[in-house]
Amino acid sequence: MQINNNQLLRFTTAGSVDDGKSTLIGRLLYDSKSIFEDQLEAIEETSKRKGLGTVDLALFTDGLRDEREQGITIDVAYRYFTTPKRKFIIADTPGHIQYTRNMVTGASTANAAIILIDARHGVIEQTKRHAFIASLLQIPHIIVCVNKMDLVEYSETTYNDIVTHFEEFSSKLAVKDVRFIPISALNGDNVVNRSESMDWYQGSPLLHVLETLHISSDINKIDARFAIQTVIRPQREGFIDYRGYAGRISSGIYRVGDEVVVLPSGFTSKIKSINAGDKEIEEAYAPMSVAMTLENDIDASRGNMIVKKNNQPEMMQEFDVMMCWLHNNTVRPGAKYILVHTSNEQRAIIKEVVYKIDINTYERNTEDKNLAMNDIARIKIRSAQNIMLDPYRDNRTTGSVILIEEGTNETVAAGMIVG
Amino acid sequence: MSKYYLNYLDELESEAIFILREVWAQFQNPVILFSGGKDSIVVTHLAQKAFYPAKIPFALLHVDTGHNFPETIKFRDDLVKNMGVQLLVGSVQEAIDTGRVAEERGKNATRNTLQITTLLDAIENNKVDCAIGGGRRDEEKARAKERFFSHRDEFGQWDPKNQRPELWNLLNGKHFQGEHFRAFPISNWTEMDVWNYIKRENISIPSLYFAHEREVVWRNNSWIPNSEFLKIEPNEEVITKKIRFRTLGDITITGGIESEADTLGKIVDEVSTMRHTERGNRSDDKRSESAMEDRKREGYF
């Protein structure tokens, strides 16, 4: 298929167990003709074996044996579909167990989040949690789908009440772009095709919204940040002196001739060349993977960052992050962890839990300092050496960190730098 | 004027290159699992771009089942020579000869599952700590659950219920001795993306992907190529047909499709109208609903 508006949009879905998340994804894939016949035959057969009257589109998304047996989603799965307008990546996250951790995983790279609300139940605690996490992770676009409209007789009043309610509580959150769509995932109303039962709804169906969301501005194009992943030294004929700093541009734009600073050393130089594969290019921008050479021979290696002279991140050893704890092993205060920030790894300790957030009420709890899986808290971290930091709200790539537990090698926490 | 955003193929390419460089930076002895199929060829091509102007810093590891298409082996050897990379081969035949594994019996016997032992042996013997594969999440429902960096325990097992969360672009490849990782740089690519990319980059692929005349037998709803390993049943007839292969596995289990697509352009057009998944012709996946998941848990690529 030729794609015209040839961008890639990543989105995540959030909703409680029975809000119809899997059905919605199944519907999007089915109506956009992204389910192949043999896959459809397989779920038709399983539906029949389970004694269901109709084909259960939700079966399409549950990939593991345990998931199919128990009818639940255990872990994030990724799905793909393409329309003539765009390519889409869906991070399909489980609704109930370990929801915070999984939603954070799916949301970290998403351009958009779809939050499902059951029209019969309206805004519930779970909706608020999802909206909070979406705002915490600074997902640029939020699409609230009021689902199961068929079960409330496609009532415009019910829909309007839910929209008003959502807008009231979300005014406290840092969400910028919110859209509302009344849908029935089961019947396909306003998913891919416009609903015939809701002529009062003047907006676009979900797929059209996804196809036309403006995502070019989702990446920071102002602050140039380039973390070195590895140094390429071919040492072969024609390239004896070549020393390329390889990495993926996190944000901003770089041009040959730009005056740059290598952090943390502070050495200055100019960009001599930029390579994208075997092609030499004049300018490069996020999220391109490139290799740069500099005019001076300076010491720069993995974990260092090449930035512009007049726009530098802060260098700090002590800083605050909003952190989501991801693991069964609880936080041991004062324990050492490995902090990973871009390609830079440092030993770090959690100095203090400043407050915990009740994600149902958004209230701060300064008394309870015990953190367990799925908890979100503001913490103070001290790292062994300076880290080149940006606030997460300015830069989702250089504003994010993870903590790895030394004894188990497990990723135990995800953090967003507060600036 | 440049609009400063990437099209989807460039973004996928950039992501894959980032992952390949992370593998190189985080592991001591990574290899590319090379089957001679289009996905591992694309991964190798991406590795060339990731480390240009240096050579690919990974060896290629081929798990040789002994039931190959001769074209695949020739393609492999030419590629290794042209790129100047090291080739490691794990031999299933050798594992059978030394009694490490036993050949399957029965009419539909294949060497598919036998690869697991050979792959894990090769990983252990060569002290490989990360095996880079061309696996894609759109291929199969169990693969949809796969991370970019996928942990394997000391027995080479995958535990889909205990995967490390992968956030932003922060990949955690830390592991203990004896454990290893699988890395999947083209996880987010679909079959269509792979073909569009092969066409755009004009990457050379084995002739088997292009339609050509070949001796085949109609079995399990697809055209199985005639070979020295195929036992023709009394009710079967070997005929010559113009076919091509959509995926490449062992010659005994890879079904061809009738096609006139003999150029990359025609293949792209053909694939975009396909109504069946590419693995639909792979009998190894049809054994049970969780065939792939079960093999992967044991260490299958």
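Residues numbered from 1 in each chain as written. Chains lettered and ligands numbered in written order. Predicted model: local features only at pLDDT ≥ 70, side-chain atom pairs only at ≥ 80, totals over all residues. Heavy atoms only, no water.

Identification of chain B as Sulfate adenylyltransferase subunit 2 from Flavobacterium arcticum is taken from an unreviewed UniProt entry.

In the annotation of an unreviewed UniProt entry, the entry for chain A reads sulfate adenylyltransferase, and the organism field reads Flavobacterium arcticum.

Q: How would you explain the pairing of strand β3 (residues 87-91) of chain B if you had to name every residue and give the values?
A: Burial along β3(B) is one-sided: the residues B:L88 and B:G90 are buried and none of B:L87, B:V89 and B:S91 is. For the crossover that starts at strand β2 (residues 59-64) of chain B, traverses helix α3 (residues 70-83) of chain B and ends in the parallel β3(B), the hand is right-handed. (Buried < 20%, exposed > 50% of the residue type's maximum accessible area, 1.4 Å probe, protein only. Helix = DSSP H or I, 4+ residues; strand = E, 2+ residues; numbered from the N terminus. Right-handed = clockwise from strand over helix to strand, strands pointing away.)

Q: Any chance you could break down the sheet that holds strand β4 (residues 130-132) of chain B for me, citing the residues and the numbers?
A: All names here are of chain B. The strand order across the open sheet formed by six strands is β3-β2-β1-β4-β6-β5, and the pairing between neighbours is mixed. What marks the edges here is a single partner per strand, and that holds for β3 and β5 (149-152). Across the sheet, the axes of successive neighbouring strands diverge by a mean angle of 30°, strand direction being ignored. Pairing of strand β1 (residues 30-33) with β2 involves three bridges; the strand directions are parallel. Among the inter-strand pairings, I32 is bridged to a residue of β2, identified as L60. (Pairing = 2+ DSSP bridges. Axes fitted to C-alpha atoms, helices over the stretch in contact; angles between N-to-C directions.)

Q: Any chance you could break down the interface of chain A and chain B for me, citing the residues and the numbers?
A: With 83 residues of chain A in contact, the opposing surface of chain B contributes 64 residues. Together, the buried faces of chain A and chain B total about 6,700 Å²; carbon and sulfur atoms form 53% of this surface. Remark: the boundary between chain A and chain B carries five salt bridges. One salt bridge in this structure joins A:R10 and B:E15, with 3.0 Å as the shortest N-O distance. In this assembly, chain A and chain B are joined by 28 residue pairs in polar contact (both at pLDDT 80 or more). Sort the elements by how many residues they give to the side of chain A that touches chain B and helix α2 (residues 37-49) of chain A lands first, with six residues. Split by residue class, the side of chain A that touches chain B holds 34 nonpolar, 25 polar and 24 charged. (Contact = heavy atoms within 4.5 Å. Buried area = accessible area lost by both parts, 1.4 Å probe. Salt bridge = Lys/Arg side-chain N within 4 Å of Asp/Glu carboxyl O. Polar contact = N/O pair within 3.5 Å; in protein donor to acceptor, adjacent residues only side chain to side chain. Nonpolar A, V, L, I, M, F, W, Y, C, P; charged D, E, K, R; others polar.)

Q: Explain the domain arrangement of chain B to me, using residue names and the numbers behind them.
A: All names here are of chain B. For chain B, the assigned domains read domain 1 (8-196 + 289-298) and domain 2 (205-286). Spacing between the C-alpha centres of domain 1 and domain 2 amounts to 23 Å. Between domain 1 and domain 2, roughly 2,500 Å² of surface is buried when both sides are summed, and carbon and sulfur atoms account for 59% of that area. Looking only at domain 1, the three residues that lose the most surface to domain 2 are H67, F69 and W195, adding up to 30% of its buried area. Between domain 1 and domain 2 we count two salt bridges in total. Between E191 and R246 there is a salt bridge, with its nearest N and O atoms 2.9 Å apart. The interface formed by domain 1 and domain 2 contains five residue pairs in polar contact (both at pLDDT 80 or more). If you list the elements that add at least two residues to the side of domain 1 that touches domain 2, you get α2 (38-51), α3, α6 (191-201) and α8 (291-298). When its residues are assigned to classes, the side of domain 1 that touches domain 2 shows eight nonpolar, 11 polar and nine charged. (Domains from an automatic or database assignment.)

Q: Any chance you could break down the environment of B:A50 for me, citing the residues and the numbers?
A: Topologically, B:A50 is positioned in helix α2. Taking the C-alpha atoms as reference, B:A50 lies 9.7 Å from B:E13; in sequence the two are 37 residues apart.

Q: Which residues make up the pairing of strand β19 (residues 344-358) of chain A, and what are the values?
A: Residue and element names in this part refer to chain A. One ladder, built from six bridges, connects strand β18 (residues 336-341) with β19; its direction is antiparallel. By the bridge assignment, L339 is partnered in β19 with Q346. The loop that links β18 with its antiparallel partner β19 comprises two residues; one of these, T342, has a positive phi angle of about 45°. In this structure, β19 lies alongside strand β21 (residues 376-389), joined through eight bridges in antiparallel fashion. Bridge pairing in β21 places K356 opposite A377. Across three bridges, β19 lies against strand β20 (residues 363-365) in antiparallel orientation.

Q: Account for the sheet that holds strand β5 (residues 141-147) of chain A, naming residues and giving values.
A: Residue and element names in this part refer to chain A. The strand order β2-β3-β1-β4-β5-β6 describes an open sheet built from six strands, whose pairing is mixed. With partners counted over all chains shown, the strands left at the sheet margins are β2 (77-82) and β6 (177-182), one partner each. Sheet twist, expressed as the average angle between the axes of neighbouring strands with direction ignored, equals 25°. Contacting β1 (7-14), β4 (112-118) and β5, helix α5 (residues 125-136) crosses the sheet at an angle of about 170° to β4.

Q: Describe in detail helix α1 (residues 21-31) of chain A, supporting the description with residues and values.
A: Residues and elements named next belong to chain A. With 10 of 11 residues buried, α1 is to be regarded as a mostly interior element. Contacts from the buried residues of α1 go to β1, β2, β3 (86-92), β4 and α7 (206-212). Following α1 by one or two positions, K33 adopts a phi angle in the positive range, close to 60°.

Q: Could you give an account of the packing of helix α1 (residues 8-26) of chain B against α6(B), naming the residues involved and the relevant values?
A: Residues and elements named next belong to chain B. Look at α1 against α6: their axes get within 11 Å of each other, and the N-to-C directions meet at 95°. Judged on the interaxial angle alone, α6 and α1 are roughly perpendicular. Within the contact between the two elements, α1 uses Y8, L9, D10, L12 and E13 and α6 uses D193, N196, Y197, R200 and E201. The class makeup of the residues in the contact of α1 with α6 is four nonpolar, one polar and five charged. (Parallel < 35°, antiparallel > 145°, perpendicular 65-115°, else oblique.)

Q: Describe in detail the pattern of salt bridges, supporting the description with residues and values.
A: Where charged atoms from two side chains of opposite charge come close, those side chains can pair. Enumeration over the complete set of coordinates arrives at 43 salt bridges over all chains. Among the salt bridges present, the one from A:R225 reaches A:D390, with a minimum N-O distance of 2.7 Å. With a gap of 165 residues between them, A:R225 in strand β7 (residues 225-227) and A:D390 in the loop between β21 and β22 (400-405) connect regions that are remote in the sequence. Take A:R225 and A:D390: they sit in the same class, and that class is buried. Across the pair B:E139 and B:R143 runs a salt bridge whose closest N-O atoms are separated by 2.9 Å. Given the relative accessible area of 11%, B:E139 is considered buried. Each of B:D10, B:E13, B:K49, B:R200 and B:E201 takes part in a single network of salt bridges with overlapping partners.

Q: Could you give an account of a negative patch on the surface, naming the residues involved and the relevant values?
A: A cluster of like negative charges, contributed by A:E37, A:E41, A:E44 and A:E45, occupies part of the molecular surface. Mapped onto the elements of the fold, A:E41 is located in helix α2. (Patch = residues over 30% accessible without salt bridge, like charges linked within 9 Å, V, L, I, M, F, W, Y side chains within 5 Å. Areas by Shrake-Rupley, 256 points an atom, 1.4 Å probe, with all protein chains shown as cover. Lys, Arg positive; Asp, Glu negative; His and termini not counted. Charge placed at Lys NZ, Arg CZ, Asp CG, Glu CD.)

Q: How would you sum up the packing of α2(B) against α6(B)? Please name residues and give values.
A: Residues and elements named next belong to chain B. Put simply, α2 and α6 touch, their axes get as near as 11 Å, and they point 55° apart. Relative to α6, the element α2 lies oblique. Judged by the twist between their axes, the crossing of α2 over α6 is left-handed. The segment α2 lies against α6, with K38, D39, V42, H45, L46 and K49 engaging E191, V194, W195, Y197, I198 and E201. Partitioned by chemical class, the residues of the contact of α2 with α6 number six nonpolar, one polar and five charged. (Left-handed = near helix turned anticlockwise from the far one by under 90°.)

Q: So what's going on with the nonpolar core? Which residues, and what values?
A: A:F11, A:L28, A:F132, A:L137, A:I143, A:M149 and A:L206 are the most contacted members of the largest nonpolar core, which has 81 residues in total. Of all the elements, β4(A) adds the most residues to this core, at six residues. B:F18, B:V23, B:F27 and B:V85 belong to the second largest nonpolar core, which has 64 residues in total. (Core = buried A, V, L, I, M, F, W, Y, C linked by side-chain atoms within 4.5 Å.)

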